[in-house]
Amino acid sequence: MQSFGLATPGNGLHDVTEQVTEAIAKVAVKEGIVVVSVPHSTAAVTLVSPWDKLGLEDVHDEICRLVPARIDFKHQHDTPQDAAGHVKAAIIGHSRSIILAGSKLMLGHSQRIYFWEFDGPRSRTVHVQVVGT
Amino acid sequence: MSGRSMSLLDHAAGLPDMIRAETMRLEGRLRRCIPTPDIYRLRQIILTGSGDSLIAGHSTAVSLRTWTGLAVQSMPAMEAARYLDTPPVRADARGILVVCISNSGEGARVIEAARRLRAIGALTLAVTASASSRLAQAAELVIDIALPQAPHGANARGHAAALIALWLLGIRIAEVRMRMTMDEADARRALIARQADPVERSLAPCAAICAQAADRWSVHCRADLLGSGPCLGSAHFAAAKLVEATGIHASPQDIEEFHHLNYFMDRPGETPAVVFTAADAAAASRTAELATTLHDLGRPTLLITDEAADTSPTQPERLHLQLPNTEEFLLPLLHLAPALMLAGAWMEKAGCTPFRSHAGPWQGAQRARLVRDSLIQPSPQQRDERAA
């Protein structure tokens, strides 16, 4: 398994495609599955189109509209943002699987891998596991 | 050295272990003390108490104001008890957090403040080492700052616990209101816990310089203790310990105010001045001017700072205590040791008895009667309701 760190400047989507590609290059697997996973309860992984930065903001704005930070969450050990972050991350999911073929990630033209921060800025970690031959 | 002064030195020596052991324990106790909706309702924080507890408020109010962005002020218990709930009573008093600080929880005036301000709807929080005290019962919420193997009553470790609890409270409110990220909040909590190290490193130089100061000054019967911002809290604490230990007239004053008031005191050569500051303090430039002023007056001076000593031959009468560098908000914690050691050394040299042994004209203070047995007065509104 490969891992890399990430210092998120704030909430939103942070492109980690290059770091994932570099992690894959370190293992001798050409065909298989790449699992990108985050060991955090207030962050997630997803695939989004990178071409319009405002589109990235739309994606983040929409999850915030669905799960706004409220002060009446039952989870009060941390902050309202943290409590909302738990819900958002649970909805989006903490990992994504991507096909690896010919040592290349099978991402579409309009797909990049994004670390999705819901409780930033924070120091984060991303794990990359490659399964195959 | 007598047992009297050893007690003060023991208090200083015990500070590092207390800070290491208790900071995160206090954090655990207060983290969920105030519900999140109440934290979001806050518009104002009042820190109130008497004696060392009021000084804890003075020492931390600036930090809490900076971190939370709220209107934060420290206020004597008398003002909080008698001068806040007079008409017109504010309909939105729930937005006022009144932090009532008392180690014993038995000071009459702070109990009165808690009762009267809770009655008008303010959110009252007792910070006390006695969870069964009258104050704990009077307030809506309680943070227990009791330390293991520490008796109730005023002592330096209890004061340090109050300082730390108030800082942690400010960090928590700032974090929940998202004025501070969780990482920043955790870093600041860890910084407080790590303050044990500079306090420990400062003990030996503090003892040496404070002994010199006592040798020179113990014949005098008054002193000025000067500082600004958080360091005004240091000055208040040092003055309190000097009064308690030696019975001299020790006056805490803001550095700016000194130039307006105590500057004019007669017999300057017989009135030592202790200045609390740091190179990066917001008031540093004015403190530099103060050093010149004190020199020109011929004031015996002890400068407590993180800067190296000025070895110029024009400053032969000035004592200099260099302490480790730390963030300005933490200086009141770092300054506990020199305050205790100066009081202890002065008391030893002058042959004084702490608190005048609560004997003779001072016997009224036995068992803290003067502060515990004072009449607790209900608000005019409460009196009217009872009469009806």
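Please read all numbers here as calculations on a predicted model, not as lab measurements.

A. Spatial organisation of the interface of chain A and chain B. Residue-level contacts link 13 residues of chain A with 12 residues of chain B. Of the residues forming the side of chain A that touches chain B, the biggest block, 3 residues, is contributed by helix 3 (residues 80–92) of chain A. Per-class residue counts for the side of chain A that touches chain B are 3 nonpolar, 5 polar and 5 charged.

B. Up close: the nonpolar core. Membership of the largest hydrophobic core comes to 123 residues, with the highest contact counts inside it found for Val 98, Cys 100, Ala 114, Val 127, Ala 165 and Leu 342 of chain B. Top contributing element to this core by residue count: helix 8 (residues 156–176) of chain B, with 15 residues. Built from parts of two domains, this core gets at least three residues from each of domain 1 (15–194 + 369–387) and domain 2 (197–352) of chain B. Listed in part, the 24 residues of the second largest apolar core include Ala 23, Val 45, Leu 56 and Ala 89 of chain A.

C. Seen up close, the domain arrangement of chain B. All names here are of chain B. The domain architecture assigned to chain B consists of domain 1 (15–194 + 369–387) and domain 2 (197–352). For domain 1 and domain 2, the distance between their C-alpha centroids amounts to 28 Å. Contacts between domain 1 and domain 2 engage 17 residues on the former and 18 residues on the latter. Going through the elements one at a time, helix 2 (15–30), helix 4 (52–68), helix 8 and helix 9 (182–194) are the ones with two or more residues in the side of domain 1 that touches domain 2. When residues of the side of domain 1 that touches domain 2 are assigned to their parent elements, the largest contribution, 6 residues, is made by helix 4.

D. Focus on the sheet that holds strand 7 (residues 112–117) of chain A. Residue and element names in this part refer to chain A. With respect to topology, 3 strands assemble into an open sheet ordered 2-7-4, the strand pairing being antiparallel. In this open sheet, the two edge strands, each paired with only one partner strand, are strand 2 (12–15) and strand 4 (43–48). The average angle at which neighbouring strand axes cross in this sheet is 35°, direction not considered. Judged from the 4 bridges that link them, strand 2 and strand 7 form a sheet pairing that is antiparallel. Counterpart to Asp 15 in the pairing with strand 7 is Tyr 114.

Conventions adopted
Residues numbered from 1 in each chain as written. Chains lettered and ligands numbered in written order. Predicted model: local features only at pLDDT ≥ 70, side-chain atom pairs only at ≥ 80, totals over all residues. Contact = placed C-beta atoms within 7 Å. Helix = DSSP H or I, 4+ residues; strand = E, 2+ residues; numbered from the N terminus. Nonpolar A, V, L, I, M, F, W, Y, C, P; charged D, E, K, R; others polar. Core = buried A, V, L, I, M, F, W, Y, C linked by C-beta atoms within 7 Å. Buried ≥ 20, exposed ≤ 12 C-beta atoms within 10 Å, placed from the backbone. Domains from an automatic or database assignment. Pairing = 2+ DSSP bridges. Axes fitted to C-alpha atoms, helices over the stretch in contact; angles between N-to-C directions.

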